[in-house]
Amino acid sequence: MSEQKMIYRSRVSDPNSFARTGTLSLNGIEIPTPVFMPVGTRGAIKSLDSDDIDELGYELILGNTYHLYLRPGTEVLEKFGGLKNFVSYKKALLTDSGGFQVFSLNSLVKFKKEGVEFRSHIDGSPHFFTPEKVIDIQRAIGSDIMMVLDDCPPGDGTVARIKDALDRTHRWAEEAVNYWAKDKRNQFLFGIFQGGTNLDLRLESLDKIRSLPFSGIAIGGLSVGEPRPDFIRTMEGISSYTDRTRPLYLMGVGTVPDILEGVRNGVDMFDCVLPTRNARNGQVFTSQGKVNLRNEKWKFRDEPMDPECECKVCKRYSIGYIRHLHHVKELSAFSLSTYHNLHFMKKFMKELRHSIEVGNFSEFFVKWKNLYETPEISR
């Protein structure tokens, strides 16, 4: 368990919930938690470059094993000495296993005992992922945190389908951790537990993954279409059973309300495409709530998108101008809105951590939940 304790140090716990602050130590990079990770699926956070990410202060971002395996491929990544060198990013990197993309992007998926057979969504070419192969791919990528291959059932999956997923996920987890343990290469491996919204199966899966010597543990298969009350019920049901000596990662979740629920129930790490995807679709996050930049009411407004924001976009440009860029489909609309949203997320997580440190997380929770459960602000 020495490796597991080395990667994460807990700092302050909230007495009224499972919320806590801590530090992730990834090969000399110290990352305060709870942390939000922007998603760079194919080796880039859409519309931004590595200078932008450095300027924003992100020290942990996410890449996708499935997409990077298909393009540019492991030969290219090995030639460049890993993804960090390829994209000129020197901080920490987490890669998911690609399993979710295999299941979500392909209609012709065949489960085998050894792994999963699928066809590329690009050209239809056949491929086969095993627990060992996805680790080899992530070794070529050079990520600091690697995820195991798992089976993520759909949100409306039957009990039989979820039990099948647990059987595969647990078997593959054992194979992956044994393979990784032979050659760790300064890379940490996280296990994933499944179970849908069935609490008994969730706890069964958590118990199994907890028993294996992973560096961290991830919650998979939530926010995949289940009703929000079921998401909250499941998070509350598992919170007292998670391993507090290891970091807890809620995969693919990153709205403000869901981050608040996750942190309240002990989650340390989040990732999501929504801040960047929504920015490209004209929605930005502000200190007053969500803003739809394509709304006609912003046409003549000369104030910033967020009067309380100190990002370079809000310091320089009016909301009327950013609305115009989206209206005429200028490419700079994507980069400016994305930069702002990621600046917002960075500041939001810093303020969230501070609220835990000073003992007012409950008030912080209520304030931001109320702001972001409203469809859009009105000024």
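Because the structure is predicted, anything quoted here is derived from the model rather than measured.

Focus on the overall build of the chain
For step 1, the next point in the chain: For the chain, the count of helices and strands is 16 helices and 16 strands.
For step 2, the next point in the chain: What you see for the chain is a C-alpha radius of gyration of 20 Å, in line with the 21 Å of a compact globule of 379 residues.
For step 3, the next point in the chain: Judged by the C-alpha coordinates and their principal axes, the chain covers about 60 × 50 × 40 Å.
For step 4, the next point in the chain: For the chain, the proportion of its 379 residues judged to be buried stands at 54%.
For step 5, the next point in the chain: Taking contacts inside the chain between residues at least 6 apart in sequence as the whole, the part at least 24 apart equals 68%.

Focus: the sheet that holds strand β1 (residues 8-13)
For step 1, the next point in the chain: What the three strands build is an open sheet, ordered β1-β2-β3; its pairing is antiparallel. The open sheet has two free edges, formed respectively by β1 and β3 (29-33), since each of these has just one partner strand. Adjacent strand axes in the sheet meet at a mean angle of 20°, parallel and antiparallel pairs treated alike.
For step 2, the next point in the chain: Helix α15 (residues 331-358) rests against β1, β2 (20-26) and β3 of the sheet, and its axis sits at about 125° to β2.

Quick notes on the side chain of S318
For step 1, the next point in the chain: Position of S318 relative to the elements: it lies in the loop between α13 (312-316) and α14 (319-327).
For step 2, the next point in the chain: Assessed through its relative accessible area of 19%, S318 is described here as buried.
For step 3, the next point in the chain: A polar contact of 3.0 Å, which involves the side chain of S318, links it to the backbone nitrogen of Y321.
For step 4, the next point in the chain: With residues up to four places along the chain from it excluded, the contact list for S318 reads R301, D302 and E303.

As for the nonpolar core
For step 1, the next point in the chain: The biggest cluster of nonpolar side chains holds 107 residues, and the ones touching the most others in it are F129, Y249, M269 and F348.
For step 2, the next point in the chain: If one sorts the elements of this core by residue count, α15 sits on top with 10 residues.
For step 3, the next point in the chain: With residues near it in sequence (within four places) discarded, F348 still touches V256, I259, L260, F364 and W368.

Quick word on a positive patch on the surface
For step 1, the next point in the chain: The grouping of R42, K46, R71 and R277 at the surface amounts to a positive patch.
For step 2, the next point in the chain: With respect to the helices and strands, the residue R277 is situated in helix α12 (residues 274-280).

Quick notes on the UniProt feature "active site" (unreviewed entry) in the chain
For step 1, the next point in the chain: Under the local residue numbering, the UniProt record ascribes the feature "active site" (unreviewed entry) to D96 and D271. Their sequence span is 176 residues, while the largest C-alpha to C-alpha distance among them is just 10.5 Å; these annotated residues converge on one region. The subset of the named residues that lines the largest pocket consists of D96 and D271.
For step 2, the next point in the chain: Tracing the chain through its elements places D96 in strand β6 (residues 92-96).
For step 3, the next point in the chain: Residue D96 is classed as buried on the basis of its relative accessible area, which comes to 11%.
For step 4, the next point in the chain: Setting aside residues no more than four positions away along its own chain, D96 makes contact with L62, G63, N64, T65, Q101, Q138, M147 and M251.
For step 5, the next point in the chain: Position of D271 among the secondary structure elements: in strand β14 (residues 269-271).
For step 6, the next point in the chain: Residues in contact with D271, not counting those within four places in the same chain, are F36, M37, V39, L62, Y249, L250, M251, G252, V253 and G254.
For step 7, the next point in the chain: For D271, the side chain forms a polar contact with the side chain of Y249, separated by 2.6 Å.

Regarding the confidence of the model for the chain
For step 1, the next point in the chain: This prediction gives the chain a mean pLDDT of 95; 98% of its residues lie at or above 70.
For step 2, the next point in the chain: A low-confidence stretch, residues 1-5 (pLDDT under 50), is modelled with 12 contacts involving residues beyond four sequence positions or located in other chains.

Regarding empty space enclosed by the protein
For step 1, the next point in the chain: Under the definition given, this model contains one cavity of 30 Å³ or more.
For step 2, the next point in the chain: Considering only enclosed or pocket space, the largest cavity measures out at about 40 Å³ in volume.
For step 3, the next point in the chain: Lining of the largest cavity is provided by L206, I217, T242, D243, R246, P247 and L248.
For step 4, the next point in the chain: When its residues are assigned to classes, the lining of the largest cavity shows four nonpolar, one polar and two charged.

Considering the environment of V148
For step 1, the next point in the chain: The topology assignment puts V148 in the loop between β10 (145-147) and α8 (159-181).
For step 2, the next point in the chain: Looking at V148, the relative accessible area reads 1%, which means it is buried.
For step 3, the next point in the chain: As a C-alpha pair, V148 and T130 span 18 residues in sequence and 9.7 Å in three-dimensional space.
For step 4, the next point in the chain: If sequence neighbours within four positions are ignored, V148 has contacts with S97, A176, L189, F190, G191, I192 and F214.

Quick word on the pattern of salt bridges
For step 1, the next point in the chain: Per the counting criterion, the structure on display carries 22 salt bridges.
For step 2, the next point in the chain: Across the salt bridge formed by D136 and R139, the nearest N and O atoms sit 3.6 Å from each other. Here the residue D136 and the residue R139 both occupy positions in helix α7 (residues 131-141), the gap between them amounting to three residues, near one helical turn.
For step 3, the next point in the chain: A salt bridge links R233 to D230; the shortest N-O distance between them is 3.4 Å. Placement of both R233 and D230 in helix α10 (residues 228-238) is noted, with a separation of three residues, approximately one turn of the helix.
For step 4, the next point in the chain: Each of E236, E261, R264 and K369 takes part in salt bridges that share partners, so that together they form one network.

The rules behind the values
- Residues numbered from 1 in each chain as written.
- Predicted model: local features only at pLDDT ≥ 70, side-chain atom pairs only at ≥ 80, totals over all residues.
- Heavy atoms only, no water.
- Helix = DSSP H or I, 4+ residues; strand = E, 2+ residues; numbered from the N terminus.
- Rg over C-alpha atoms; globule rule 2.2 N^0.38 Å.
- Buried < 20%, exposed > 50% of the residue type's maximum accessible area, 1.4 Å probe, protein only.
- Contact = heavy atoms within 4.5 Å.
- Pairing = 2+ DSSP bridges.
- Axes fitted to C-alpha atoms, helices over the stretch in contact; angles between N-to-C directions.
- Polar contact = N/O pair within 3.5 Å; in protein donor to acceptor, adjacent residues only side chain to side chain.
- Core = buried A, V, L, I, M, F, W, Y, C linked by side-chain atoms within 4.5 Å.
- Patch = residues over 30% accessible without salt bridge, like charges linked within 9 Å, V, L, I, M, F, W, Y side chains within 5 Å.
- Areas by Shrake-Rupley, 256 points an atom, 1.4 Å probe, with all protein chains shown as cover.
- Salt bridge = Lys/Arg side-chain N within 4 Å of Asp/Glu carboxyl O.
- Lys, Arg positive; Asp, Glu negative; His and termini not counted.
- Charge placed at Lys NZ, Arg CZ, Asp CG, Glu CD.
- UniProt positions renumbered as here; feature names shortened; annotations may be inferred.
- 1 Å grid on protein atoms, 1.4 Å probe; cavity = no way out; pocket = protein on both sides within 12 Å on 5 of 7 lines; lining within 4 Å.
- pLDDT = per-residue confidence, 0-100.
- Points joined across faces, edges and corners; volume = space filled by probe spheres on them.
- Nonpolar A, V, L, I, M, F, W, Y, C, P; charged D, E, K, R; others polar.

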